[in-house]
Structures are given as C-alpha cells and as structure tokens.
Amino acid sequence: MSRRVQPRDVEEKEPLLTGDCLQPSDLDSDEGEILFERSTANIPDDVEKSALRRLTYEEAVEEAGFGLFHALLLVACGWANASDAVEILCVSFLLPTARCDLHLSSLHMGLLIASVFLGMMVGGYVWGYLADQRGRQRVLVVSLTVNGLFGGLASLAPWFWLFLLLRFISGVGVGGSIPVIFSYFSEFLPRLRRGAMISALATFWMAGNILAAGLAWLVIPWAHIPLGRLNVQSWRIFVVLCSVPSLTSALIFRLLLPESPKFLMEAGREKEALRVFRLMFELNQRGTNKAFPIFGLCTSPTQRRESGENKNCGLNLQRFCCLCKTGLAPIRQLFTGSLRSRSFTLLIVFYCISFGYYGLWMWFPELFKRTEDGGSPCANMSRPSLLLNQSCYPVKTVVYMEGFVIAASNLPGNIFTILLMDTIGGKAFLSCSLLLSSVSVFLIYVVRTKAQSLALSCIFSGVSVIAWNALDVVGTELYPTNLRSSALGFFTGVGRVAAIMGNIVFGYLVDTSCAVPILLVSALLLTGGIVACFLPQTRQTELT
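Undergrad: Break down the overall build of the protein chain for me, citing the residues and quoting the values.
TA: From N to C terminus, the protein chain includes 19 helices and four strands. Looking at the protein chain as a whole, 59% of its 544 residues qualify as buried. Across the protein chain, every contact between residues at least 6 apart in sequence was considered, and the portion connecting residues at least 24 apart equals 81%. Here the protein chain has roughly 21,900 Å² of accessible surface; of this, 65% comes from carbon and sulfur atoms.

Shown next, in the form of structure tokens:
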C-alpha cells in the first residue's frame, strides 16, 4: 500500500531495481525523510505468453508465504548470531583466571579485549562489501569458519602475544558474520513481519551470552582438567568449547541454507531466485496441497555491471588502486544524496552505544570480582593495584554466576521488542532505551553495595538489549540491497572502533579513576539517545 505524500516532503530518488518493472516514485517516511520504495505500477503483461506475471521482490515474498521455512531459518541464523556472542564474551569470562597463566596486567587485559574488536572492525566492512558483491551465504560460511577455527587455535597459545594475534583473527571472522547475518535473514521476510522476526533473531544474542556464562560457570572453576598425561588449564578447554557454535553454524549454512533471493534478483539470477522462492513456498505450505504459482521476477543487472567494470582495472598497482576505489565506493554512496543525513546520524548512534555497552559489559566479570568483599566497583581503589600479586585459584564461581544472571536479564527486553517492534517502531525503541541505559549506568557509580551494583547491571543489560534489537531492525531497513551489508559492515566497524576505545579506557583507568569511564559511558549513551530521535521512521517499510 502506498502512503499519502505531502508536497513539502517529496524528494527525488532513484529506484534500485531498474528495468521495465519499476519507475521512480516519491515517498515520505513518518518523520518527513524519504525511505526507499518500489512501485508496482507498469508491470508488463506478455500477451503472447499467456500474461505471465512478473513479480517484484516484495510480491514474490508474499507469494511464498510465511511459516515453517522462516522458523527453521530463524533457528539457523539465530545459532550463528549466538555463536558470535559466545566468541566475543569468551575473552571477558576467561580473564579472571587466564591473567595468572598469561601474566596479564589490567592494560594487557584491555588490549586482549580490544584485539577482538579490532578484528571485527577490519572484518566488518570487508565481509560486508564481499557479501554485497558475491553473496550473503558464501561470505557467512567463510567468516564463521575463520571465527571458529582461529578461536579454537587460541586455546593452544602459550604466550600472551600469540593469544592476542589469534583472537584478533577470530575477531575478523566475527566482524563479518554479525552484519551479514541480519542482511541475509531480513531478505527472506515479508514486510509486515520483519520487525518482530529481526527482533527474534537478535534474541539469540542473549542465548549466546547465557551459553558463554553457563560454560564458564561449568568449566573454568575446575582450574585444571586432566586429559591423558596432560593437565590442561580449564580456561583453555573453555576457549575450545566456545569455538564449536561457529564451526557448526558454518556447516549448517554450507549444507542446508540457500542464497538470499533478494541478492539473486539484484544480481540478475532469476532462475536461482525462483528456486529459492519455490523452496520457501513448499516448506511454508507443507500439508496444504497448494501448487507453486507460476510467475517471473523483476531482476536487475546491477551487480553484473559492477563486475564488468572491475575487469578494466589493469594489473598490479593500477589494479590494486582500482579495487580499493571500487571497495570504498559504497562508503561514498552512504554519505551522499538522500542517504547522507541518516548515515551521519546512524554513525553517531553506533559509536555511542558500542563504546558504552562493550566498554562496560566486557569488564563486568572483572568489576564484580573487585566487589567480592562488598562495596561498589569503584569504592576501593587500592585493591585493584594488587591484582598481579593475587592468586587466580581457587576460582570463585560467584563471578560467573553473576555473569549468567546478567545475561538472563536480557529476556524481558527481548520479549518486549518481539511483541511490539512492528507496532511502536525501531526508532522509538532505540531512543528511549538508550536514555534509560544512561540513567542505569550512572546509578552503578552512585550505589555502594554489591547487591545494588548487580541489580543495576541487570537493569542496564535488560534495557540496552532493546536498543540493540531496535538498531538491528532500523539498520536493515534504512539502506537498499546493494548497500545493505556494506552499510551494516561499515557502521559495525565504527562501533568496533568505539568498543576498542572503551576497553582501552577501562583498562587504563579502572585501577586509578574507575568513576571516569563509568560516567563517560553514561554521557555517551545519553548522547546516542538524543541523536537517535533524528533518524527516519522505518516501521514496516519495504526493502529495496
């Protein structure tokens, strides 16, 4: 259905699916800014071929129905999303014990956490760009494999710097799968169910948090686990177990899941896209005896033209420069024309939430370890300076129990977004949850007891997950198919820079001025909540 256009809001834009199927149209968002939409007008009727219908992407998705296929897809993509959460949080849970075996200072621990995000920053845009050019499914298989393989190899590292390098490479894999998985998943969904389903996918991040905390709680307290003649530190076994979800996800995507039909249509691969729609229809209509309708698809040769342009780049240095120019072209498109204002706004939001969330979340186990004798994390500044002289064994399980409780506290926020995302919209959720997160972080600094710190940490976790879910929905709907993965990869890369800065700031100041990073996190979350108000409304908009 088209919406009424106000003259003052009309803005020219080019459709992304070109050809006879679509014409440029003007459309406003609820907040007065243009979102992409395709027009269903002027679909040609082929009289000689019995008027074969040619459907746009949104129409073909509706024809394929909604049901079993999407439930199975949600589980598969959700497991991949959970595997990324496990790999990221793996480092924070092993720090309280691994710091003794690897001789880590607080600064070293900050660098170790930052290395994962540095890898994610590198991998985010590279994998996102490749996903827009080569396909979502292929990139997901490779990035998940890199994540799991090098994450598992890190368990064998005897030295800090080798462990740091392997975790960095693992982070490169994580950086690719996070943005691409949401692009891939969203391109199978009908418009009216997209918000709730993407929120459901984001819920699996909580499942990954719970899995990581549960594994840490179960495995690490053993200190040393005998394997034949070897006596292996328990945290190394924990690292190996954390790599299993990524490797199994890569296997599932390689053997069972198809390529995105939206990507195939944009690449001009009509027959392959029709096979995917047929698979969706057969699973969704299983048991109804309905026949798959006969129709054609409106496709675009955009990606083929881009591939042809790359072949004219020459050799060696000239070709390298040409490839770099081509690879950076999507970034230029993000910050020109009608996309400029939303891109700058989203850039600020990603930076603020990533610095705040990851800067604080990754240090929760260490901060709770410092409150074992009572008081707030910043109450006693003399104790942290003695960390290197303290024994890591026997392992105190209360740290992992608290991590498990905080991870589980995401559940109410996830349920809330699943039920109301399509009704309220991602923009309102994003802004309000960031403002509430800012207040909860500030109160963590103010409180003076361990129980109060834990309660407010749970509130922060439960509220901030609403912001992340909303950001996942808004991010996938703001950009067209040929930019979607590149845009999400770029913005998550910016978020990783913020996460690196947050962890280095915490590692540098947590022993001397603990209040500074906590209050800085509160201020940045407040800024992000205010800036998010300037994003366009994307509720139930069509993908282009």
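Following the structure, the description resumes.
Undergrad: Any chance you could break down the nonpolar core for me, citing the residues and the numbers?
TA: Counting 138 residues, the largest nonpolar core has Leu94, Phe185, Phe238, Phe253, Phe277, Leu430 and Phe491 as the members making the most contacts within it. Dropping the residues within four chain positions of it, Leu94 is found in contact with Phe163, Ile220, Trp235, Phe238 and Val239.

Undergrad: Requested: an account of helix α5 (residues 160-186), with residues and values cited.
TA: Compared with the 39 Å implied by 1.5 Å per residue over 27 residues, the 39 Å span of α5 between its first and last C-alpha is a close match. The sharpest bend along α5 measures roughly 25 degrees and falls at Val180. Summarising burial for α5: 22 of the 27 residues are buried, a large majority.

Undergrad: Residue-level account of helix α3 (residues 106-134), with values.
TA: With 29 residues, α3 ought to run about 42 Å at 1.5 Å a step, and its terminal C-alpha atoms sit 41 Å apart, in line with that. Remark: the principal bend of α3, roughly 30 degrees, maps to Gly123.

Undergrad: Now, about the confidence of the model for the protein chain: what can you tell me, with residues and values included?
TA: In the predicted model, the protein chain carries a mean pLDDT of 77, and the fraction of residues at 70 or more is 77%. Highest mean pLDDT in the protein chain belongs to helix α4 (residues 136-153) (92); lowest belongs to helix α10 (residues 302-310) (47). Overall, residues 1-20 carries pLDDT values under 50, and its contacts beyond four positions in sequence, including any with other chains, amount to 48 contacts. Per-residue pLDDT stays below 50 along residues 303-310; that stretch engages in 11 contacts with residues further than four places along the chain or on separate chains.

Undergrad: Got a sec to walk through the packing of aromatic side chains? Specific residues and values, please.
TA: For any pair of aromatic rings, the description consists of the separation of the ring centres together with the inter-plane angle of the planes. Enumeration over the complete set of coordinates arrives at 18 aromatic pairs. Each ring, one from Tyr125 and one from Tyr129, has its centre 6.5 Å from the other, and the planes form 25 degrees; the classification is stacked. Taken together, the residues Tyr125 and Tyr129, both in helix α3 and four residues apart, mark about one turn of the helix. Considered together, Tyr125 and Tyr129 belong to a single accessibility category, that of buried residues. For the ring pair Phe160 and Trp161, a centre distance of 4.8 Å and an interplane angle of 65 degrees mean the geometry is edge-to-face. Trp161 gets classed as exposed once you look at its relative accessible area, which sits at 57%. Pairwise contacts between aromatic rings join Phe335, Phe344, Phe350, Tyr479, Phe490 and Phe491 into one cluster.

Reading guide: rules and limits
Residues numbered from 1 in each chain as written. Predicted model: local features only at pLDDT ≥ 70, side-chain atom pairs only at ≥ 80, totals over all residues. Heavy atoms only, no water. Helix = DSSP H or I, 4+ residues; strand = E, 2+ residues; numbered from the N terminus. Buried < 20%, exposed > 50% of the residue type's maximum accessible area, 1.4 Å probe, protein only. Contact = heavy atoms within 4.5 Å. Areas by Shrake-Rupley, 256 points an atom, 1.4 Å probe, with all protein chains shown as cover. Core = buried A, V, L, I, M, F, W, Y, C linked by side-chain atoms within 4.5 Å. Expected span 1.5 Å × (residues − 1). Bend = angle between axes of the 7 residues up to and from the residue. pLDDT = per-residue confidence, 0-100. Phe/Tyr/Trp six-rings, centres within 6.5 Å; stacked < 30°, edge-to-face > 60°.

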